[in-house]
Amino acid sequence: MSSTTAPTAAPATSPIRVFGRFQLRHLLGKSLVSMAWLAFDPRSQQEVMLTLPRHQPTSTAALDNWLRDVRQASRLSHPHLAAAAEVGEHERWPYVAVDRAIGITLGEWLAGKSLPPLLDTTGMLCQLLDGLAFAHEAGVAHNDIQLHSVIVGEQGVVRLMGLHVANEWVQAAAAPGAPAPVRRQQREHAERDVLSVGLLLHRVVSGQLVLDEVDIGKVIQRMPPQGHEVVRLPWGLPLPVAEPLRAIANRATASHDRQRYLSARTLARALSGWREVEANGAGGALVLLLDRLRSVGHLPASPTVGARMGRLGGMENQRTEEIAENILQDMALSFELLR
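Criteria and cut-off values
Residues numbered from 1 in each chain as written. Predicted model: local features only at pLDDT ≥ 70, side-chain atom pairs only at ≥ 80, totals over all residues. Heavy atoms only, no water. Core = buried A, V, L, I, M, F, W, Y, C linked by side-chain atoms within 4.5 Å. Buried < 20%, exposed > 50% of the residue type's maximum accessible area, 1.4 Å probe, protein only. Helix = DSSP H or I, 4+ residues; strand = E, 2+ residues; numbered from the N terminus. Contact = heavy atoms within 4.5 Å. Salt bridge = Lys/Arg side-chain N within 4 Å of Asp/Glu carboxyl O. Phe/Tyr/Trp six-rings, centres within 6.5 Å; stacked < 30°, edge-to-face > 60°. Lys NZ or Arg CZ within 6 Å of the ring centre and 35° of its normal. Expected span 1.5 Å × (residues − 1). Arc of directions from axis to C-beta. Pairing = 2+ DSSP bridges. Axes fitted to C-alpha atoms, helices over the stretch in contact; angles between N-to-C directions.

Draft legend 1. Highlighting the nonpolar core. Judged by nonpolar contacts, the single largest core of 50 residues is most densely connected at L106, L199, L200, L201, L267 and L271. Secondary structure elements with two or more residues in this core: α2 (106-111), α3 (118-137), β8 (150-152), β9 (158-160), α5 (182-206), α6 (216-222), α7 (243-252) and α8 (264-279). At nine residues, α3 tops the list of elements feeding residues into this core. Residue contacts for L106: discarding those within four places in its chain leaves M124, L147, V150, V152 and L200. By size, the runner-up hydrophobic cluster in this structure holds 15 residues, among which are W66, L67, A82 and V96.

Draft legend 2. Examining the pattern of salt bridges more closely. By the definition in use, this model includes 13 salt bridges. The salt bridge involving E86 is made with R21; its shortest N-O contact spans 2.5 Å. Of the two residues, E86 sits in strand β5 (residues 86-90) while R21 sits in the loop between β1 (17-19) and β2 (22-30), which places them 65 residues apart along the sequence. Where E188 meets R184, a salt bridge forms, and the shortest distance between an N and an O atom there is 2.9 Å. Here E188 pairs with R184, and both are found in helix α5, just four residues apart, close to one helical turn. The exposure class of E188 is partly exposed, given its relative accessible area of 33%. Each of R187, E191, D257 and R258 takes part in a single network of salt bridges with overlapping partners.

Draft legend 3. Just the packing of aromatic side chains, in detail. Inspection of the entire model under this criterion finds two aromatic pairs. With a centroid separation of 5.6 Å and an interplanar angle of 85°, the aromatic rings of F19 and Y95 are classed as edge-to-face. On the criterion of sequence distance, the pair formed by F19 in strand β1 and Y95 in strand β6 (residues 93-99) is long-range, its members being 76 residues apart. Taken as a pair, F19 and Y95 share a single burial class, namely buried. Measuring from ring centre to ring centre gives 5.5 Å for F22 and Y95, while their planes differ by 80°; the resulting arrangement is edge-to-face. Here Y95 lies in strand β6 and F22 lies in strand β2, a separation of 73 residues in the sequence. Judged by its relative accessible area of 2%, F22 is buried. For R251, the ring lying beneath its charged end belongs to Y261, and the centroid distance is 4.1 Å.

Draft legend 4. Highlighting the environment of L24. Structurally, L24 is set in strand β2. Sequence separation between L24 and D41 is 17 residues, and the spatial gap between their C-alpha atoms is 9.0 Å. Setting aside its immediate chain neighbours within four residues, L24 contacts R17, V18, F19, W37, L38, A39 and L50.

Draft legend 5. Molecular detail of α8. With 16 residues, α8 should reach 22 Å at 1.5 Å per residue; the first-to-last C-alpha distance of 22 Å fits that figure. All of the buried residues along α8 are A264, L267, A268, L271 and W274. One face of α8 carries all of its buried residues, which in axial projection span an arc of 130°. Opposite the buried face of α8, by more than 90 degrees, sit the exposed residues R269 and E276. Taken together, the buried residues of α8 touch α3, α5 and α7.

Draft legend 6. Up close: the sheet that holds β8. Strand order in the open sheet formed by three strands is β7-β8-β9, and the pairing between neighbours is antiparallel. In this open sheet, the two strands that pair with only one neighbour each are β7 (104-105) and β9. Relative to β8, β7 is paired through two bridges, and the arrangement is antiparallel. In the strand pairing of β8, I104 is matched with V152. Docked against the sheet, α3 engages β8 and β9, running at close to 40° with respect to β9.

Draft legend 7. Representation of the sheet that holds strand β3 (residues 34-41) in the model. One open sheet accounts for six strands, arranged β1-β2-β3-β4-β6-β5; its pairing is antiparallel. Each end of this open sheet is capped by a strand with a single partner; those strands are β1 and β5. The average angle at which neighbouring strand axes cross in this sheet is 45°, direction not considered. Note: β1 against β2, three bridges, orientation antiparallel. The residue of β2 that forms the bridge with V18 is Q23. Running at roughly 165° to β5, helix α1 (residues 60-74) makes contact with β4 (46-53), β5 and β6 of the sheet.

And the structure:
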């Protein structure tokens with residue numbers, strides 16, 4: 001009796017998603033107002049990163065304004081600003097294309113690291129702040145700094161992409177009434193950018209999502225003055241955090257906007273100062289001990305600390321120097337007695 005074999009079904013292939021001439025590979029990230037895609041450009045035969053607004057411009061004038069402002073912002077030349085390969089639109093959807101060869105997003109970079117050294121991550125943020133300060137001094141803000149808008153290159157060079165992509169929608173969401181003067185708008189947008197970098201600092205130092213939100217814009221909405229959430233670094237983090245760095249991170253996300261860093265330059269100077277001290281070895285074991293005291297309440301003791309405590313109870317008639325000699329044999333015991 002002969003048997004027949006059922007034909008093998010051909011493997012299902014997912015349809016290629018396209019945006020104009022670009023073939024969309026996968027979503028790099030999205031926020032309330034922007035999204036970034038990894039795409040393939042058949043014209044150049046290269047991968048690019050496309051940044052688009054989440055909402056289509058409502059009129060031809062709005063589209064023209066977006067293209068004009070983004071093209072103007074893309075003319076800024078700085079080592080830590082990503083150069084736009086193309087600014088265009090497809091079916092009234094505007095976009096900015098950046099060459100993928102310059103690196104991967106900060107979100108992708110963090111996904112491949114368990115606990116990256118704080119000197120590395122804070123150094124990356126210093127580069128980001130340097131480029132951001134240059135843009136702010138030219139009157140250009142980003143307004144939607146996210147993990148998907150920060151690019152990390154192979155040599156650790158950091159660049160910010162998507163300048164001005166979100167501006168139209170940030171302005172549309174502003175309080176109703178007469179528009180604020182241009183200088184005031186620029187200042188407010190710059191301060192929002194600096195707060196966003198402060199939230200990125202919180203993210204890389206803690207290794208955790210801030211308020212369990214991926215979208216930094218949503219975190220800002222939950223903070224004063226719009227919301228009531230307080231953002232501070234928790235104790236007991238996987239890596240010990242030096243007190244000066246903890247103070248910088250907490251000030252960058254302070255509840256009152258007047259207590260925060262108000263410019264990219266001041267936050268960059270604070271982080272650079274901490275990094276210089278840390279690189280010279282001023283942290284180390286003392287940082288570990290202080291972090292242990294604040295998070296756990298006591299220092300790690302040697303296995304014989306219990307026995308030594310028992311012996312100390314029976315030494316009240318001995319000389320002071322004999323007692324001191326026993327205490328100083330264990331640093332944790334010394335600190336516990338001082339406490």
